[in-house]
Amino acid sequence: MSRDKSSRRASAEQQTLDVSEAQIAVHWPEEDYFLPPASFIAQANLTDQDVFARFSLDKFPECFKEFADLLDWYKYWETTFDASDPPFWRWFVGGTINACYNCVDRHLTAYRNKAAIHFVPEPEDETVQHVTYQELYVRVNEFAAMLRDSCGLKAGDRVTLHMPMVAELPITMLACARLGVIHSQVFSGFSGAACADRILDSESRLLITMDAYWRGGKLIDHKEKADTAFAEAAEKGHQAEKVLIWQRYSGKYSSPTKLVEGRDVIVNEAVKAFRGKRVEPVQMPAEAPLFLMYSSGTTGRPKGCQHSIGGYLAYVAWTSKYIQDIHPEDVYWCMADIGWITGHSYIVYGPLALAASSVVYEGVPVYPDAGRPWRIAENLGVNIFHTSPTAIRALRRSGPDEPAKYNYHFKHMTTVGEPIEPEVWKWYHRSVGKGEAVIVDTWWQTETGGFLCSTVPALHKMKPGSAGPGIPGIHPVIYDDDGNELARGSGKAGNICILNPWPGAFQTIWKAPERYVKTYYGRYCRDPKSKDWRDWPYMAGDGAVDAADGYFRILGRIDDVINVAGHRLGTKEIESAALLVPDVVEAAVVPVADEIKGRVPELYVSLKPGVEASEDIAKRVADSVVERIGSIAKPHRVLIVPDMPKTRSGKIMRRVLASLSNHQDPGDVSTLANPEIVDSLRALVK
Ligand code: WTA
């Protein structure tokens, strides 16, 4: 495919990046294949080779009916796919549905007494809570009644959740979904300031939080962040109405931060007035939003990815059934945080849509020791396990022999969120999976709702270090910077795009539709006037290689986003936080390869003339980043430099800094305005 010159010029303008993760990716040899165990294939949900023909590109879009048929609809849809306003695709148009009904009510007949959620508190002496589907139904109804009748929430309202990993988080999400209220859960590790930005952008009516939670052996005061979030959002122009506070220990307020009278409501008390109440699920259009999930992008402002009810739920249900191989009798544990998209899709909505038992673990995987996950797996009989390369690396480093000490058996394991080194994959396979489990390496994004590339577990060979081909219905392609399609299996790196729309894809960026079009479709759209979806490939923003066997290996982000321990952070957000320190005049952050976290941010700053570099300034810069974003963004190092490497037009060359930080050759620096700076920076970085 080639495009005309004008669109090529437009794409060059959009391409502001001069450094990317993909640039520092290590190319590893991939020659091993592993076969799925026969015992897995014998029980798998999807063993039918015809699936690939059923989902070939010429079967688009009707092939996706099969996804939506996994759900219960009030009214069946009239149009499977509506492309009348590209790239604002609409799915299952005319259908009405409720996500909470699909995840709770419809399972009551067959699975009333089965666990929906196993909540595992971090303290090991605390009892595990097994929430049955009946109990989930009761609790969700009571809380939905409170949200509706006491807080006045109605379909389309937004609420911000800033909750830790507790059973009350899915209960809150499902109560919102029951009412058609749009939830926006913010990762609990994010700061109050980061939460404020999200309350403001979504114009949330309520902030729902918890007083405290356990993390790494400490009972953390979480309510404190709610006060900051509420006040800062109000200061910036949006006053939420109330703060609803769940108690970590019902009947006992566990935070040293005072309650604000008239504003703060203890849910555990207030919900008592709704005991026994039932709320009819609101019949929502398939295309109504289910939730917002904020994610980092190339500007300082995180973007609210808006996901639909029908398309999203259909997509996560199908992929949970056939890629995660979830059966109702499985005990499924995804050790991610519900504050990220992985947790929304593959702890809450996907598994519960299938009546699975889903584990919610409060704490740190390696706390109090690296045997913890395997004790949980043994106790609960977990047989499907899902985690990130960062967690696998950490568990491998601190307890390589721990899994063998415990009596658990996984049939299926997932890795998600970052590239996994073949060596780490093999430890996961051999030691964690005891050679008995199939592994899927799933590549996808907040925007995509669910998996894009992965092997189908019973049908494909596994290849350590590679995600795999597009899943059934997903047709990936690699373009070079000029928009030419690389031949399939070329083995060359380029930008991975998806040729066709799919039901799980986000609908837009909340309140920023132009940004949505420009970021994801601006670069490779063949004709902005076209109504044909074929002219609108989706650009994921990742570098990737398509190998001869048709498996995609993901190299990392090609934009100003750093993936730290599987968490997406925008470089602009980190730099803006650094610039809040009065002595700092310039800031540039680059990704540095890290043995455990994959990548960590390293921050370069230069100071106002006459200001001496000091450890104190470096500390203030790091503190500012933690305060504005959260401790996950804490720079690995803050390097105070006399000047930044710059182009003649004054742009900071982050590419040069990234090379120095990763001990790579910065290449030709003669075009810089100040090439002499490179040597002194190199000395500093050491
Ligand atoms: C990266 C997480 C390699 C990628 C689900 C993507 C991966 C970003 C993989 C999205 C994988 C995700 N292999 N890289 N299996 N999965 N990524 O939005 O760079 O938090 O663009 O969604 O993580 O991160 P997000």
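What you see is a predicted model, and the numbers here were worked out from it, not measured in a lab.

J.: How do you make sense of the confidence of the model for the protein when you look at a structure like this?
T.: Any region with low pLDDT has predicted coordinates that should not be read closely. Mean pLDDT over the protein: 94, with 97% of residues reaching 70 or higher. For the stretch residues 1-19, pLDDT sits under 50, and the model shows 41 contacts to residues farther than four places along the chain or on other chains. ipTM for the predicted complex: 0.99, alongside a pTM of 0.94.

J.: How should the environment of Leu-108 be read in this particular structure?
T.: Inspection of the secondary structure assignment puts Leu-108 in helix H6 (residues 108-111). For the pair Leu-108 and Leu-603, spaced 495 residues apart in sequence, the C-alpha to C-alpha distance is 52 Å. Beyond its immediate chain neighbours, meaning those up to four positions away, Leu-108 contacts Tyr-133, Gln-134 and Tyr-137.

J.: Just checking my understanding: could you explain the UniProt feature "domain: Acetyl-coenzyme A synthetase N-terminal" (unreviewed entry) in the protein for this structure?
T.: Per the UniProt entry, the sites bearing "domain: Acetyl-coenzyme A synthetase N-terminal" (unreviewed entry) are residues 54-103 in this numbering. Measuring from the first to the last C-alpha atom of residues 54-103 gives 27 Å, for a span that is 20% helix and 20% strand.

J.: Can you walk me through the domain arrangement of the protein in this structure?
T.: A common way to state how big an interface is: give the accessible area lost once the parts meet. Examined at the domain level, the protein breaks down into domain 1 (38-539) and domain 2 (581-685). Relative to domain 2, the C-alpha centre of domain 1 lies at a distance of 34 Å. Across the interface of domain 1 and domain 2, roughly 900 Å² is buried in total on both sides, 52% from carbon and sulfur atoms. Our count for the domain 1 to domain 2 interface comes out at two salt bridges.

J.: I tried to follow the sheet that holds strand E12 (residues 264-266) on my own but got confused; where do I start?
T.: Spatial ordering of the open sheet is given by E12-E11-E8-E6-E7-E14-E15-E23, a layout of eight strands whose pairing is mixed. With one partner strand each, in any of the chains shown, E12 and strand E23 (508-509) form the two edges of the open sheet. Relative to strand E15 (residues 303-308), strand E14 (residues 289-295) is paired through six bridges, and the arrangement is antiparallel. Looking across to E15, one finds that Tyr-294 is bridged to Gly-304. Seen against the sheet, helix H8 (residues 168-179) touches strand E6 (158-162), strand E7 (182-185), strand E8 (206-210), strand E11 (242-246) and E14 and runs at an angle of roughly 175° to E6.

J.: I keep staring at the pattern of salt bridges and nothing clicks. Help me out?
T.: Two side chains carrying opposite charge are able to pair once their charged atoms lie near each other. Evaluated as defined, the whole model comprises 51 salt bridges. Two residues, Asp-32 and Lys-426, come together in a salt bridge whose shortest N-O distance is 2.5 Å. Placement of Asp-32 in the loop between helix H1 (5-14) and helix H2 (38-43) and of Lys-426 in helix H16 (residues 422-432) is noted, with a sequence separation of 394 residues between them. The salt bridge partner of Asp-197 is Lys-236, with a shortest N-O separation of 3.0 Å. With Asp-197 in helix H9 (residues 192-202) and Lys-236 in the loop between helix H10 (223-235) and E11, this residue pair connects regions lying 39 residues apart in the sequence. Here the salt bridges do not stand alone but share partners, grouping Glu-124, Asp-369, Arg-372 and Arg-375 into one network.

J.: Got a minute to help me understand helix H20 (residues 654-661) in this structure?
T.: Helical geometry note: an α-helix holds 3.6 residues per turn, so side chains three or four residues apart project in the same direction. Most of H20 is tucked away, with seven of its eight residues classed as buried. Residues of H20 that are buried: Arg-654, Val-656, Leu-657, Ala-658, Ser-659, Leu-660 and Ser-661. Buried residues along H20 sit against helix H18 (571-579), strand E28 (584-594), strand E29 (598-607) and helix H21 (677-685).

J.: What is the right way to look at the UniProt feature "domain: AMP-dependent synthetase/ligase" (unreviewed entry) in the protein in this model?
T.: Under the present numbering, the feature "domain: AMP-dependent synthetase/ligase" (unreviewed entry) in UniProt falls on residues 106-501. Helix makes up 30% of residues 106-501 and strand 22%, and the two end C-alpha atoms of the span are 29 Å apart.

J.: Where do I start with the sheet that holds strand E19 (residues 412-416) in this structure?
T.: Hydrogen bonds between backbone atoms are what pair the strands of a sheet, whose relative direction is either parallel or antiparallel. Across the sheet, seven strands lie side by side as E5-E4-E17-E16-E18-E19-E20; this open sheet has mixed pairing. Two strands bound the open sheet, and with one partner strand each, they are strand E5 (129-132) and strand E20 (438-442). Strand-to-strand twist in this sheet, taken as the mean axis angle between neighbours without regard to direction, amounts to 20°. Sitting on the sheet, H16 is in contact with strand E18 (384-387), E19 and E20, with an inclination near 155° to E19.

J.: So what exactly am I meant to see when it comes to the side chain of Ser-254 here?
T.: Along the chain, Ser-254 falls in the loop between E11 and E12. Residues contacting Ser-254, with those up to four places away along its chain left out, are Asp-211, Ala-212, Leu-219 and Tyr-249.

J.: Just checking my understanding: could you explain the nonpolar core for this structure?
T.: The biggest cluster of nonpolar side chains holds 128 residues, and the ones touching the most others in it are Leu-136, Leu-147, Leu-244 and Tyr-349. The element contributing the most residues to this core is helix H7 (residues 133-150), with nine residues. Leaving out residues up to four positions away in the same chain, Leu-136 has contacts with Val-104, Ala-116, Ile-117, Val-131, Ile-171, Leu-174 and Leu-352. Residues Ile-199, Ala-229, Ala-233 and Ile-245 belong to the second largest nonpolar core, which totals 40 residues.

J.: In this structure, what is going on with the site of the ligand? I would like to understand it.
T.: As a structural note, the neighbourhood of the ligand is formed by 16 residues, with Asp-441, Thr-442, Thr-446, Asp-542 and Arg-568 the closest of them. Between the ligand and the protein, one listed contact pairs an oxygen atom with a side-chain N or O atom of Thr-446 at 2.5 Å. One nitrogen or oxygen atom from the side chain of Arg-568 is found 2.7 Å from an oxygen atom belonging to the ligand. Bound to the protein, the ligand loses 97% of the 530 Å² it would expose on its own. Elements supplying a minimum of two residues to the shell around the ligand: helix H13 (341-353), E20 and strand E25 (552-557). In terms of residue class, the shell around the ligand is built from five nonpolar, six polar and five charged.

J.: I tried to follow unusual backbone geometry on my own but got confused; where do I start?
T.: What is expected of a backbone is that most residues other than glycine have negative phi and most peptide bonds are trans. Cis geometry is found at the peptide bond from Phe-60 to Pro-61, where omega equals 0°. With an omega of -5°, the peptide bond between Pro-86 and Pro-87 qualifies as cis. Considering the arrangement of structural elements, one finds Pro-87 in the loop between strand E1 (79-82) and strand E2 (90-93). Phi is positive for Asp-325, which is not a glycine, with a value near 55°. With respect to the secondary-structure elements, Asp-325 resides in the loop between helix H12 (310-322) and strand E16 (331-334). On the basis of relative accessible area, Asp-325 is assigned to the buried category, the value being 1%.

How each quantity is defined
- Starting afresh in each chain, residues are numbered from 1 along the sequence in its written order.
- Thresholds applied to this predicted model are a pLDDT of at least 70 for local features of residues and 80 or more for the giving and counting of side-chain atom pairs; totals over whole chains, interfaces and linings are not thresholded and use all residues.
- Side-chain figures throughout are based on the complete set of non-hydrogen atoms in the structure, without hydrogens or water.
- Note on scores: pLDDT gives the predictor's confidence for each residue, bounded by 0 and 100.
- Should any heavy atoms of two residues lie within 4.5 Å, those residues are considered in contact.
- Helix and strand assignments follow DSSP, with helices taken as H or I runs no shorter than four residues and strands as E runs no shorter than two, numbered in order from the N terminus.
- UniProt positions are given in the numbering used here, feature names are shortened, and annotations may be inferred rather than shown by experiment.
- Note that domain bounds follow an automatic or database assignment of domains.
- Accessible area that two parts lose when put together, evaluated with a 1.4 Å probe and summed over both, is termed the buried area.
- The rule for a salt bridge is simple: a side-chain nitrogen of Lys or Arg has to be within 4 Å of a carboxyl oxygen of Asp or Glu.
- The criterion for strand pairing is that DSSP finds at least two bridges linking the strands in question.
- To get an axis, fit a line to the C-alpha atoms, keeping to the stretch in contact for a helix; angles then go from 0 to 180 degrees between the N-to-C directions.
- Whether a residue is buried, partly exposed or exposed follows from its accessible area with a 1.4 Å probe, protein chains only, as a fraction of its type maximum: under 20%, in between, or over 50%, in that order.
- Within this scheme, the nonpolar core is defined by two criteria: the residues are buried Ala, Val, Leu, Ile, Met, Phe, Trp, Tyr or Cys, and they are joined through side-chain atoms within 4.5 Å.
- Whether a residue is near a molecule or strand depends on its heavy atoms: it is near if one of them lies within 4 Å of it.
- Any pair of N or O atoms that falls within 3.5 Å is considered a polar contact. Within protein, one atom must be able to donate a hydrogen and the other to accept it, and sequence-neighbouring residues count only if both atoms are side-chain atoms.
- Residue exposure ignores everything except the shown protein chains as possible cover, and the areas themselves are Shrake-Rupley values with a 1.4 Å probe.
- Under the scheme applied, nonpolar residues are Ala, Val, Leu, Ile, Met, Phe, Trp, Tyr, Cys and Pro; charged residues are Asp, Glu, Lys and Arg; polar residues are all the others, including Gly.

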